[in-house]
Structures are given as structure tokens and as C-alpha cells.
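Here's the letter readout for the chains.
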Amino acid sequence: MIELISITKVYGQEPNTVTALDRVTLKLNPNELTAVMGPSGSGKTTLLNIIGCLDSATAGEYHLDGENVAGLDLKAKARLRNEMFGFVFQAFNLLPDKTVLDNVMIPSRYSRRPRKEWKPKAMAVLEQMGIADLALRYPDQLSGGQQQRVAIARALVNDPKVILADEPTGNLDSATGREIVDVLKTLADKQGKAVVVVTHDGMVASQAHRLLQMMDGRIIDDSMLDSSSVVFSHPNF
Amino acid sequence: MKPLYKTLLIIGIAMGVVATSLIFGVGQGMVMHIREKDPNDLDIYAVYQPTSSGGITGMTLHFAREIAGWLPDDVTASAVTFDRYDAEVKIGAEFFSSRVVGVDAGFATLFDLDITEGRFFSKEDQDNRSRVCVVTNDLVDLFGREALSSFMINGVEYEVIGAVQGDVNLASLMHGNYSSSSVFLPIETWYEQFEGSFYAGVTMQLAVHAPGYSKADLNQLVSQNLINMESAPTLKVATPNEKNYNAWARDLLILAGIFFVAFLVFLLAGLNIIQIASANVYDQQRVFGLKVALGALPKHLAGEITGEIVACALQGGYLGIVLAGIVNTIMNHYVGMYWAAFNIFTAIAGMILALLVGWITSVIPARQAARIDPVAVLRQER
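On a predicted model such as this, the values are computed, not experimentally measured, just so you know.

Visitor: Can you help me understand the overall build of chain B in this one?
Guide: Within chain B, the secondary structure is distributed over 13 helices and 12 strands. Put simply, chain B has 382 residues, and 49% of those count as buried. Across chain B, the fraction of contacts at a sequence separation of at least 24, relative to all contacts at a separation of at least 6, is 81%. Accessible surface, chain B as shown: approximately 18,100 Å² in total, 59% of it carbon and sulfur.

Visitor: How should I be thinking about the pattern of salt bridges in this particular structure?
Guide: Across all of its chains, the model carries 18 salt bridges over all chains by this definition. With a shortest N-O distance of 3.2 Å, D159(A) and K121(A) are connected by a salt bridge. On the criterion of sequence distance, the pair formed by D159(A) in the loop between α5 (144-156) and β7 (162-166) and K121(A) in helix α4 (residues 115-128) is long-range, its members being 38 residues apart. Linking R65(B) and E188(B) is a salt bridge whose minimum nitrogen-to-oxygen distance equals 2.8 Å. Taken as a pair, R65(B) in helix α2 (residues 61-70) and E188(B) in helix α6 (residues 187-194) lie far apart in primary sequence, 123 residues in all. The structure contains a network of salt bridges with shared partners spanning D22(A), R23(A) and R218(A).

Visitor: Explain the interface of chain A and chain B to me, please; I cannot follow it from the model alone.
Guide: When the parts of a complex come together, some accessible area is lost, and that lost area is often used as the size of the interface. Every contact between the two is made by 23 residues of chain A and, on the other side, 19 residues of chain B. The contact between chain A and chain B buries some 1,900 Å² in all, and 61% of this surface belongs to carbon and sulfur atoms. Between the two partners, chain A and chain B, sit zero salt bridges. Our count for the chain A to chain B interface comes out at four residue pairs in polar contact (both at pLDDT 80 or more). Of all the secondary structure elements, the ones that give two or more residues to the side of chain A that touches chain B are α1 (44-51), α2 (74-83) and α3 (100-109) of chain A. Classifying every residue of the side of chain A that touches chain B gives 11 nonpolar, five polar and seven charged.

Visitor: Could you clarify how one ought to interpret the sheet that holds strand β8 (residues 194-198) of chain A in this entry?
Guide: Two orientations exist for strands paired in a sheet by backbone hydrogen bonds: parallel and antiparallel. Residues and elements named next belong to chain A. Sheet architecture is open: six strands sit in the order β6-β7-β8-β3-β9-β10, paired in mixed fashion. Looking at the sheet topology across the chains shown, the edges are occupied by β6 (85-88) and β10 (218-224). Averaged over all pairs of adjacent strands, the angle between strand axes in this sheet comes to 15°, irrespective of strand direction. As defined by bridge partners, strand β9 (residues 210-215) adjoins β10 across six bridges and the pair is classed as antiparallel. The partner of M215 across the bridge, within β10, is R218.

Visitor: How should the environment of G144(B) be read in this particular structure?
Guide: All names here are of chain B. Take G144: it is sitting in helix α5 (residues 137-148). Judged by its relative accessible area of 24%, G144 falls in the partly exposed class. With 53 residues separating them along the chain, G144 and I91 place their C-alpha atoms 10.0 Å apart.

Visitor: How should the sheet that holds strand β4 (residues 59-64) of chain A be read in this particular structure?
Guide: Residues and elements named next belong to chain A. Strand order in this open sheet of four strands is β2-β1-β4-β5, and the pairing throughout is antiparallel. Edge positions in the sheet fall to β2 (18-28) and β5 (67-68), since each has one partner strand and no second. Across two bridges, the pairing between β4 and β5 is antiparallel. When the bridges of β5 are listed, H63 appears paired with N68. Sitting on the sheet, α1 is in contact with β1 (2-11), β2 and β4, with an inclination near 55° to β2.

Visitor: Just to check I follow, could you spell out α2(A) for this structure?
Guide: For an α-helix, the turn length of 3.6 residues means that residues three or four places apart are oriented alike. Turning to α2(A), its buried residues are K77(A), A78(A), L80(A), R81(A) and N82(A). Among the structural elements, β4, β6 and α3 of chain A together with α9 (285-293) of chain B are those in contact with the buried residues of α2(A).

Visitor: When you look at empty space enclosed by the protein in this model, what are you seeing that I'm missing?
Guide: Rolled over the atoms, a probe sized like a water molecule indicates the empty space that remains. For the coordinates displayed, the defined rule picks out four cavities of 30 Å³ or more. Considered as a void within the structure, the largest cavity measures approximately 50 Å³ in volume. The wall of the largest cavity is formed by R81(A), N82(A), F85(A), G86(A), F87(A), P107(A), R154(A), A155(A), N158(A) and L294(B). When contributions to the lining of the largest cavity are tallied by element, the ones reaching two or more residues are α2, β6 and α5 of chain A. The dominant element in the lining of the largest cavity, judged by the number of residues it contributes, is β6(A), at three residues. Per-class residue counts for the lining of the largest cavity are five nonpolar, three polar and two charged.

Visitor: I tried to follow the packing of aromatic side chains on my own but got confused; where do I start?
Guide: For any two aromatic rings, the description comes down to two numbers: the centre-to-centre distance and the angle of the planes. Applying the stated criterion across every chain yields a total of nine aromatic pairs over all chains. Arranged with centres 6.2 Å apart and planes meeting at 10°, the rings of F87(A) and F89(A) form a pair that is stacked. With respect to class, F87(A) is no different from F89(A); both count as buried. Ring pairing ties together the aromatic residues F107(B), F111(B), F120(B), F121(B) and F184(B), which thus form one cluster.

Analysis parameters
- Residues numbered from 1 in each chain as written.
- Chains lettered and ligands numbered in written order.
- Predicted model: local features only at pLDDT ≥ 70, side-chain atom pairs only at ≥ 80, totals over all residues.
- Heavy atoms only, no water.
- Helix = DSSP H or I, 4+ residues; strand = E, 2+ residues; numbered from the N terminus.
- Buried < 20%, exposed > 50% of the residue type's maximum accessible area, 1.4 Å probe, protein only.
- Contact = heavy atoms within 4.5 Å.
- Areas by Shrake-Rupley, 256 points an atom, 1.4 Å probe, with all protein chains shown as cover.
- Salt bridge = Lys/Arg side-chain N within 4 Å of Asp/Glu carboxyl O.
- Buried area = accessible area lost by both parts, 1.4 Å probe.
- Polar contact = N/O pair within 3.5 Å; in protein donor to acceptor, adjacent residues only side chain to side chain.
- Nonpolar A, V, L, I, M, F, W, Y, C, P; charged D, E, K, R; others polar.
- Pairing = 2+ DSSP bridges.
- Axes fitted to C-alpha atoms, helices over the stretch in contact; angles between N-to-C directions.
- 1 Å grid on protein atoms, 1.4 Å probe; cavity = no way out; pocket = protein on both sides within 12 Å on 5 of 7 lines; lining within 4 Å.
- Points joined across faces, edges and corners; volume = space filled by probe spheres on them.
- Phe/Tyr/Trp six-rings, centres within 6.5 Å; stacked < 30°, edge-to-face > 60°.

Here is the structure:
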């Protein structure tokens, strides 16, 4: 579904350049929860941003369902972000002056979906997340776990094929974090989504089907995990 | 948009609407003012000599008669003297400050004055130098018919033969200052009465009623006759209110000043809107960055920002119209009723301009929002 071939991302201008990604080659598949681990500055978030078309690679090829994403214009990339990807952030990034329902409907506003379908679809994903009864509340009336569920509902509202989560449990306690990881794993297992989770947390990574370890902009290890795998957080992470 | 920015925007736009309403109000006032000066529907003109011997504005009665002879048959004319405000008028036992004017017999007809009592004096009265006069109806109301039966000007007794009513001020023409207490004498009698005074022998102007003739027509007519004269004087044709030209020019200057100030306020309001909207974009760049990440295009952000500003413009517009109405009312109360017109058209024009300002000033903040890099702003969470 997603294929990155020798992707390189360089920030800044010569001679003050920083190579965030260095010839990264990777395939992401449906029904797969992939955890990306690595120390700060290893290129995890840059990788996530390039996969999600928020950022562009300096070099390399990026194929999404067989189409070269590098050649797409601003509008086409926005369309991809809206329809193909769902984003989940560490800080939830919910709009505080909007209700849960309105927050979940935001991606629909920028989609080709007819307006009359916005609300039913938003309610459906809230139902799926088990928080439909919170639809008319405001974010500051919710717990951290509930807010992240709202963020996941917002990510799912346009039926994306890929969920990109950047430290989704970073602001949560371990029990709530585990619940959130379970939700993400269910999306991969039962809904066929390709889920990519950037994390520092070994517990989160242990739940993944696949673990990518990064260092200095490179993938230094790409391994499949089973239910008995234990991943430890790196002390420097 | 944050409530603070929203409130500031509404105030800013309200200021804009007040300013634009003032601009339109004053503009309408100016148009109305200019229309008041439009002589087309009056058909009344004054022919006068700007300077004559001794630097006195006016002409001799003889010359006034000669000019009247140049005019076509369908044009009527009356020689008119300046107003003798210093004449000593005694009505009954009282002395009264009144303006005494010498005119021809056709004066009342020319200025469409109603004869409410008696008659206007005749050509015969003029030829006979009769000691008769016509007063305004206001004087009759003030002193009563009986008191007016004993009427003296500078110690000479006059018979009041009639009273008139109408727009006497209109008859002021170029230099007179007639009022509702004017007294009209046959022009020859007036000359006799005031002979020996500084102005003796000088008629101020020839009042002309020329339906269907323009000022240019009359100018041409007068010029054609002046060509044949030896050492011809300069003559001018004027419309009645041109006598107020200086005052009018002063009013115009004041109105232009108000217009300018209102325009400055209008510009400041526009800049204010841009500043506030830009501050809002800066403050909410993470929100805009998030929306970009979720698939928003620059046009979506521009639409949202424009929508918010236009919504504020509507609210500020309502507030501004109310404020503008109050400002206009106060202004008209103290300055004069023609100064700033405030009506539904002013309000609509103010609203439309406010919406346009809202729309135009949203362009810059919308561009700023469109340039936001979602990666950069979302990274700030770390």
C-alpha cells in the first residue's frame, strides 16, 4: 500500500544542513500496527510527516497505492491527507471552543462528503470509540483518555486507510495509554487499517505487529513481533 | 476566533461604519446643499455691476432701465436697491428696525409674492413719486393694521397701501439682506427719500425673471449689448443664492474637512481590522496548522477567516449604524440640518462598505494563514 524507496530529508541550506532521514526504504501494509521507536532526533516524526504528506522528501520515491506522491501538487496532497490518512497527536489538538461532535466533523468539512452525511458519520465513529454520549461536551470537560478517543474518532471520520499517531500515549497514564493502544490495534486488526505509531514507550511498541527502530535518520532494525515479544524503552529515548 | 479579537473586530468595524456613514451622510448633505444652490428651477437672476465708480458695487437706475430694455418681452425685470437698514422707521409710536428697499412695481409679480392686503404700488405711484409703501405681512401681524396707518421713514410719513407675504429672502439676490420685516418703496421715491446719502444714485441690481433662459443665455444677451457701448462696464449675471458664495465655500471647506476626517477614521478602522485579524491568525496558527494537516486547502482557511470577519462586520455594522445615527443627530442638532443626511441609504451604504472592508481586509490574514507550515506549528507541542 505504501512504499518508500530511499527517502532522504535534509533540512537547512549548505553548509548548515541536517539530514533527518537518510535513504529510508520501507513498506507499510494494511492490517498492520507498526511502532516506530528511536531516540529524539532520530527522524521518527519526520518519517511520519512524509508518510502523511505533511512534508516532502528531498530525495527518493514515495508510492501510495502505486502512485508517485512526489509529483502531486498542494491540492492533491491535501486531498490525500483528508481521505487517505488519519492523524493522532500527542497533545490531542482538539479545538477547545468546539464540541466533541464539531471537532470530529472537522475533516468532513474539507472533504467531498455531502454535508448531510457529516453528522451521522461523526456520531458513528464516536459510537465506535464508545464516547457518543460525550458528543455535545467541550474538550476541557473530558479526561485525557476521552480526549484522545475523540482525536482518534476525528482521524477515522473520513475512513482513511492509514492512521498516523505521533506519541498518542505521551500525555496519558499507563492504563489509559494501554486502552488507546488497544483501540489502535483493533483498527489494524478488525478494520484493515495500516497504523503507524511513533512512540518512546516500550509497552506501546510491545503491542505492535511490527517494530521499526531508528537512529540518525536511518532504520536500524525492522522486525515483526508476536504476542510474547517484550520491548524495552531505550534509556536515552 | 477568540472572544477578545471578535469584540475588537466588531468595535473596529463599528468605527468603520460610523465613519462610512458620516462620509455618505456628509456627502448627501453636500449634494443637498449644492442642489439648494441650483438655480434651474427658480428662473430668477440678478444682473449687476461688480464694481462701479468709487468702488461701489451696483449701477445707476438709468443703466438698470437700459439693461431692462435689452431683455426679450417674455422676461420681466425689476430694479432693486440695496436695503437701507439704517433708515429710521416709526410705526405708530414705536421705532422699529426695518429694512427699506426700493423696487419697481413688477417686483411682487417677479418674486411671486402674495398680496395679503391692499395692493402693490403701481407704475403710476412710481412716476408720481408717491409716498406709499408696501410692508410684509409679518409687520402687519406684529403691529396691527391700525398702527401701520401711521408710518414714517426718516421723519417722512408714508401710506401703507398693502402687505405681501412670500419668500422675501429670495429677493435678496446678490447683496441685499431682506427679511420678513422689509418695507418696499417705489424705487424713484426711495431715491428721493435717501438722496444725499452715500449710496444715492446707485441701484444695486436688476432682478430678472427669465423662464426658459439659462444664466449663459442671459450672459450672452447682456454681452451682445455691451459690445456696442463705448467704455462698457462689466456686468455679471448671477443666481439668487450666489450672494452666499463665500459662506457656501466656507461650508464646503468644513464639509470637506469632515469628509477627510471620516475617511481617515475609515482607513484606520480598516488597518485595525487587518491588525486584529492578523493577530488572530498568529495566535491560532496551531489551529490553522491542524486544519491543514486534516486536509484544509488555503481556500478553506481563507473562506473561514473571511466568513468570521464578515460575520463580525455584520455585527459591527448594526452597532455602527446605531452609533452613526446618534452622531448624525447630535451633529445636525448643533451644526444645522443640511450638514449630514442620515437615512436608510446612508445605513445601507455604510453596511455595504463595512462588508466590503471586512472582505478586503480579510485577504492579508487569509494569506498569512495559507502560508502556515503545519509541520512547524504542530512541532511546537514538544
